[in-house]
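One letter stands for each residue in the lines below.
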Amino acid sequence: MFVTVQFGEGHSEIFNTNCRVINFIHCLKERCSLDPEECVDLVDKTGELVNLSDREQSAERANYLLRERHTYVLIRVTRGDGTEGHKYEPLLKDLGKNYPELADLLKKLSNPQKERDKRSLSRRGWPQRDTSTNQSSRSKRAASPKKSGAVTLRN
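As the structure is a computational prediction, the values presented were derived from the model and not from experiment. (Residues numbered from 1 in each chain as written. Predicted model: local features only at pLDDT ≥ 70, side-chain atom pairs only at ≥ 80, totals over all residues. Heavy atoms only, no water.)

1. Thoughts on the overall build of the protein
For clarity, the threshold we go by: Put simply, DSSP H or I for four residues or longer makes a helix, DSSP E for two residues or longer makes a strand, and each gets a number counted from the N terminus. Each residue gets one of three labels from its accessible area relative to the maximum for its type: buried under 20%, exposed over 50%, partly exposed in between, using a 1.4 Å probe on protein chains only. Contact definition: two residues touch when any of their heavy atoms are within 4.5 Å. Only the protein chains shown count as cover for residues, and the accessible areas themselves come from Shrake-Rupley with a 1.4 Å probe.
Each helix and strand in the protein was counted, giving five helices and five strands. Sequence-ordered secondary structure for the protein, helices as α and strands as β, is β-β-α-β-β-β-α-α-α-α. Out of the 155 residues in the protein, the part that is buried amounts to 30%. For the protein, the proportion of contacts with a sequence separation of at least 24, taken over those separated by at least 6, is 52%. Per element, the accessible surface of the protein, about 11300 Å² overall, is 47% carbon and sulfur.

If you want it as structure tokens, here you go:
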């Protein structure tokens, strides 16, 4: 069982998943020339996060977390304090060029509060609709007879 991990400037490596998560992460950092103290994770092309960073010291098997023969993108995880969430930085150059949806998704994951603020700001300037009046006016229109296309002229 193996997976492919993409990183750097178009590099990809094949990794054996038939090992413990702690060993898989150690091998991942070593072969991708990363600092052993750095926190890393994997994300697939659809944006599904593996959450290796939460299981760094786990003795569970990596093949239970990763899909066999699947391709993942290596990301750096910067843990935020209690008020901020994690920040996710892709370690694959030109991610936006190769996988634009994935690049956007990682930005949203890194700034969930900012995205919520943007949505609430865009709604603040508009008056709220009263749905009860809209529904009642629609039902009145539906109940009134429709006029025919004939026109009567008066002299």
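2. Thoughts on the environment of Ser53
Turning to its location among the elements, Ser53 is positioned in the loop between β3 (40-44) and β4 (71-78). In this structure Ser53 touches Cys39, Val40, Asp41, Val77 and Arg79, once residues within four positions along its chain are discounted.

3. So, the pattern of salt bridges
As a reminder of what qualifies: Salt bridges are identified by distance alone: a Lys or Arg side-chain nitrogen within 4 Å of an Asp or Glu carboxyl oxygen.
Tallying each qualifying case throughout the model produces nine salt bridges. Residue Asp44 pairs with Arg67 through a salt bridge whose shortest N-O separation is 2.8 Å. Residue Asp44 is found in strand β3, and its partner Arg67 is found in the loop between β3 and β4; the two are separated by 23 residues along the sequence. By relative accessible area, Arg67 is classed as partly exposed at 41%. In this structure, the salt-bridge partner of Glu48 is Arg67, at a minimum N-O distance of 3.8 Å. In this pair, Glu48 is assigned in the loop between β3 and β4 and Arg67 in the loop between β3 and β4, connecting sequence segments 19 residues apart.

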